[in-house]
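A structural walkthrough
Here are the chains, one letter per residue:
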Amino acid sequence: PPPPVVLTPALLESLKVSKIFKDNTQIITSIHFDDTGSKCVTSAQDESLHVYDCYTGKLEKTLFSKKYGVNLARFTHRSTSVVYASTKEDDTLRYLSLHDNKYIRYFRGHEKRVTSLEMSPLDDQFLAGSQDTVRLWDLRSPNCQGALSVMGQPVVAFDPSGLVFAVALGGILRLYDVKSFDQGPFSTARIGDSLGISHTTIYATQIEFSSDGKNLLVTTGSDGHFIVDAYNPSITMFKLVGHHNSTYGSEAFTSGSEACWTPDGKCVVSGSRDGDIFVWDISKAIAVRATEEAERQANGSASVNSNNNSSSSGGGTLNGSNYHLLQDNGELRPFKTLKAHGTPSHIVAFNPKYLMMVSGSTELAFWEPDPNAAVVDALHDFSKGGRH
């Protein structure tokens, strides 16, 4: 295999749509990659599961769940099986073998629709949040391992160690120890408060820890996503703005997966109603904030503007010290807008192992670095998915 490639801003800027799939008749509701990055599974409102081969860029398998509906399809630690939530009949979770399209196990207990589902990175445990409970399950047992009563629409996430999980309800964030979560959260915070934004205006649709576990992305269906300090959740560091997901009529632009981290935990990508993909450099913003704070302390409490001693040519390109993308109120604008194919990108996901992104609405788009860009000449076959 080729050596690992560092995911630089220049590489992200070179991403282009390399293939479009039109296998769905209705909106895609979830995208997930297996641990190896070689397979991608989607679920959609047309009650289908599609499995794609990321190496060949081809549709590998189509399965239907017409009786129960399907949402939140997640690979287990094997690329041959998935767990997914039902949308009809009942709220049972189903553990399906993709090899022979047979159910391995059912997980019964949720009495309202499941809105969030995540596998543990550590073992065969997984979390599911429904409109009445957050439940911890284990693939090896049909019995619930433990439950938290909730009111509302919870979203859940494991940290990279698998030892901690987060639950967001609206604008309230709670962190739990997996082994003792029945004793309650060890940390509770109000998202946005430290930026002067009322948590009551925030409605989390998905949460995701960065790969180093230090930061938490809070996705919303409105015009702002949030970066929270995972070690001190009362600190909301940035509000990510500049994309176009504001409510349209009475229909909120939500799938739950509007945004995600890049695998290195340095940038966030988000879909948008206009179909474009927006990219924010979180690590750059954190570095700028740290430099400003150091200068502020060195100069007493005098305010420091990072634009004072830099040339305008570096602004927003990640080349210079000028970073006008970050406002004093914590709003961070994207450094790059990737032009898509015109249909809204309700959902976006980044391959955990290969330089490949996927976005979707009713269509599914595979994104890869532009093979004509000089910046990717050294990549060789680093990502072979769908190039043709």
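None of these values were measured; they are calculated from a predicted model.

Some points on the sheet that holds strand β16 (residues 172-177)
- One open sheet accounts for 4 strands, arranged β14-β15-β16-β17; its pairing is antiparallel. Since the sheet does not close on itself, it has two edges, and those belong to β14 (154-158) and β17 (187-190), each with one partner. Adjacent strand axes in the sheet meet at a mean angle of 20° when their direction is disregarded.
- With 5 bridges connecting them, β14 and strand β15 (residues 164-169) associate as antiparallel partners. Looking at the pairing, Val155 lines up with Ala168 of β15.

A word on the side chain of His243
- Relative to the helices and strands, His243 resides in the loop between β21 (236-240) and β22 (259-261).
- Within polar-contact distance, the side chain of His243 engages the side chain of His225 at 3.3 Å.

Re the packing of aromatic side chains
- Scanning the model with the defined rule gives 12 aromatic pairs in all.
- Ring plane angle 55° and centroid distance 4.6 Å describe the contact between Phe21 and Tyr52, whose orientation is recorded as tilted. Of this pair, Phe21 sits in strand β1 (residues 15-21) while Tyr52 sits in strand β4 (residues 48-53), and the two are 31 residues apart along the sequence. The two residues Phe21 and Tyr52 agree in class, both being buried.
- Aromatic side chains Tyr84 and Tyr103 sit 6.4 Å apart centroid to centroid with 50° between the ring planes, which places their arrangement in the tilted category. Separated by 19 residues along the polypeptide, Tyr84 in strand β7 (residues 81-85) and Tyr103 in strand β9 (residues 102-107) bring together distant segments of the chain.

Some remarks on the pattern of salt bridges
- Scanning the entire structure with this criterion turns up 9 salt bridges.
- The shortest N-O distance in the salt bridge between Lys39 and Asp53 comes to 3.7 Å. Here the residue Lys39 occupies a position in strand β3 (residues 39-44), and Asp53 occupies one in strand β4, the gap between them amounting to 14 residues. The burial state of Lys39 is the same as that of Asp53; both residues are buried.
- Residues joined by salt bridges that share partners form a network here, namely Lys39, Asp53 and Glu60.

Conventions used here
Residues numbered from 1 in each chain as written. Predicted model: local features only at pLDDT ≥ 70, side-chain atom pairs only at ≥ 80, totals over all residues. Heavy atoms only, no water. Pairing = 2+ DSSP bridges. Helix = DSSP H or I, 4+ residues; strand = E, 2+ residues; numbered from the N terminus. Axes fitted to C-alpha atoms, helices over the stretch in contact; angles between N-to-C directions. Polar contact = N/O pair within 3.5 Å; in protein donor to acceptor, adjacent residues only side chain to side chain. Phe/Tyr/Trp six-rings, centres within 6.5 Å; stacked < 30°, edge-to-face > 60°. Buried < 20%, exposed > 50% of the residue type's maximum accessible area, 1.4 Å probe, protein only. Salt bridge = Lys/Arg side-chain N within 4 Å of Asp/Glu carboxyl O.

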